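A closer look at the structure
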Amino acid sequence: MKDYLGISGKSAIVTGGGRGIGEACAKALASYGAKVAIFDINDVNGNAVKDQIIAGGGEAIYIHCNVMHIEEIKAAIKEAASVFGSIDILVNNAGGSEKPIDFWNVTDELWNKIVTYNLFSQFWMIRETFPFMKEKGGKIVNISSGYALCGGDQCVHYASAKAGVIGLTSSIAKEGAPFHINCNVIPVPTTKTPGLWESDGEFADDEIPLIPQGRLAEPEDISNTVLFLVSQAADYVTGQIVAPNGGRRMLV
Ligand SMILES: NC(=O)c1ccc[n+]([C@@H]2O[C@H](COP(=O)([O-])OP(=O)(O)OC[C@H]3O[C@@H](n4cnc5c(N)ncnc54)[C@H](O)[C@@H]3O)[C@@H](O)[C@H]2O)c1
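If you're wondering where the values come from, they're calculated on a predicted model, not measured in any experiment.

So, how was this worked out
- Residues numbered from 1 in each chain as written.
- Predicted model: local features only at pLDDT ≥ 70, side-chain atom pairs only at ≥ 80, totals over all residues.
- Heavy atoms only, no water.
- Salt bridge = Lys/Arg side-chain N within 4 Å of Asp/Glu carboxyl O.
- Buried < 20%, exposed > 50% of the residue type's maximum accessible area, 1.4 Å probe, protein only.
- Helix = DSSP H or I, 4+ residues; strand = E, 2+ residues; numbered from the N terminus.
- Expected span 1.5 Å × (residues − 1).
- Arc of directions from axis to C-beta.
- Contact = heavy atoms within 4.5 Å.
- Pairing = 2+ DSSP bridges.
- Right-handed = clockwise from strand over helix to strand, strands pointing away.

1. What to know about the pattern of salt bridges
- Inspection of the entire model under this criterion finds ten salt bridges.
- Measuring nitrogen to oxygen at the nearest pair gives 3.6 Å for the salt bridge that ties Asp 51 to Lys 50.
- The exposure class of Asp 51 is partly exposed, given its relative accessible area of 43%.
- Notably, a salt bridge pairs Lys 139 with Asp 235, separated by 2.7 Å at the nearest N-O pair. Pair noted here: Lys 139 is in strand 5 (residues 138-145) and Asp 235 is in the segment after helix 8 (219-229), with a separation of 96 residues, a long-range link.
- You can call Asp 235 partly exposed: its relative accessible area is 49%.

2. Thoughts on helix 3 (residues 70-84)
- When the terminal C-alpha atoms of helix 3 are compared, their 21 Å separation across 15 residues agrees well with the 21 Å that a helix rising 1.5 Å per residue should span.
- Here helix 3 has its buried residues at Ile 70, Ile 73, Ala 76, Ile 77, Ala 80, Ala 81 and Phe 84. Seen along its axis, helix 3 keeps its buried residues to an arc of 130°; they face one direction. Exposed and facing more than 90 degrees away from the buried side of helix 3 are Glu 71, Lys 78 and Ser 82.
- Here the buried face of helix 3 lies against strand 1 (11-15), strand 2 (35-40), strand 3 (59-64) and helix 4 (108-133).

3. Focus on the pairing of strand 5
- Of all eight residues in strand 5, eight are buried, a share of seventy percent or more.
- Residues of strand 5 alternate between two faces, with Gly 138, Ile 140, Asn 142 and Ser 144 on one and Lys 139, Val 141, Ile 143 and Ser 145 on the opposite face, all of them buried.
- By the bridge criterion, four bridges tie strand 4 (residues 89-92) to strand 5 in an arrangement that is parallel. Looking across to strand 5, one finds that Val 91 is bridged to Val 141.
- With respect to chirality, the unit in which strand 4 leads through helix 4 into the neighbouring parallel strand 5 is right-handed.
- Both strand 5 and strand 6 (residues 181-188) contribute to a ladder of eight bridges, which runs parallel.

Here's what the structure looks like:
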């Protein structure tokens, strides 16, 4: 039998793995044999996902890690590497926005918070994971947003940070290539997660007529793309924007 993905036995970190897209990614990776470290700040959700993976025969650990704090990132990566012995896969998923806000009302404090959460955190995760990937290579997937490509609706801070994730991705892809480190980005479209309902979810269904396939994305639509990008099948794919979006070009 052939093994298309080739991720069995690999070690993976998924940030924000306690629910939504991160949960789907953690479960998908584990279901194909990867050892998964779930980083989250919600210990109840993070442990629940870990327990579900283990109950299903997979391997997982949960580590409390606020990706907005570099010291927590350093400690969590060290712990994951010491438990698993390596880090082969990083899914930089944690991120999000808050309620829509006009750009003229965005304070410096709010800007810094959202940019730290969505962009700085991903850079920190990559920089601190690099020592564990540079000898054997690795696969990194950064989660961005459709807003990065076509502008946000009342979320300039979030759209700017997610656009930064695209520049981060192509830069890491170039510098990572000599180390066999691939880095790609998914500009996630509107996806049915708890985070969506907490931000601007009440308008989500208005987008359905704009989507050729006629439905919003499910978390598994995104995790299936993540699976491909972290797999051996994607060894020659790096620095790319890969968009699972039901055929929608401009995502809002
Ligand atoms: N759902 C969408 O419509 C949509 C659209 C575009 C992009 N995205 C992006 O997809 C990613 C996942 O979105 P989602 O909708 O699944 O989110 P979600 O809000 O449902 O889940 C986010 C997870 O991250 C955790 N988290 C929050 N703050 C954290 C922190 N500081 N450190 C570590 N973990 C933290 C939460 O506890 C939660 O488990 C995000 O980067 C988001 O910006 C989502």
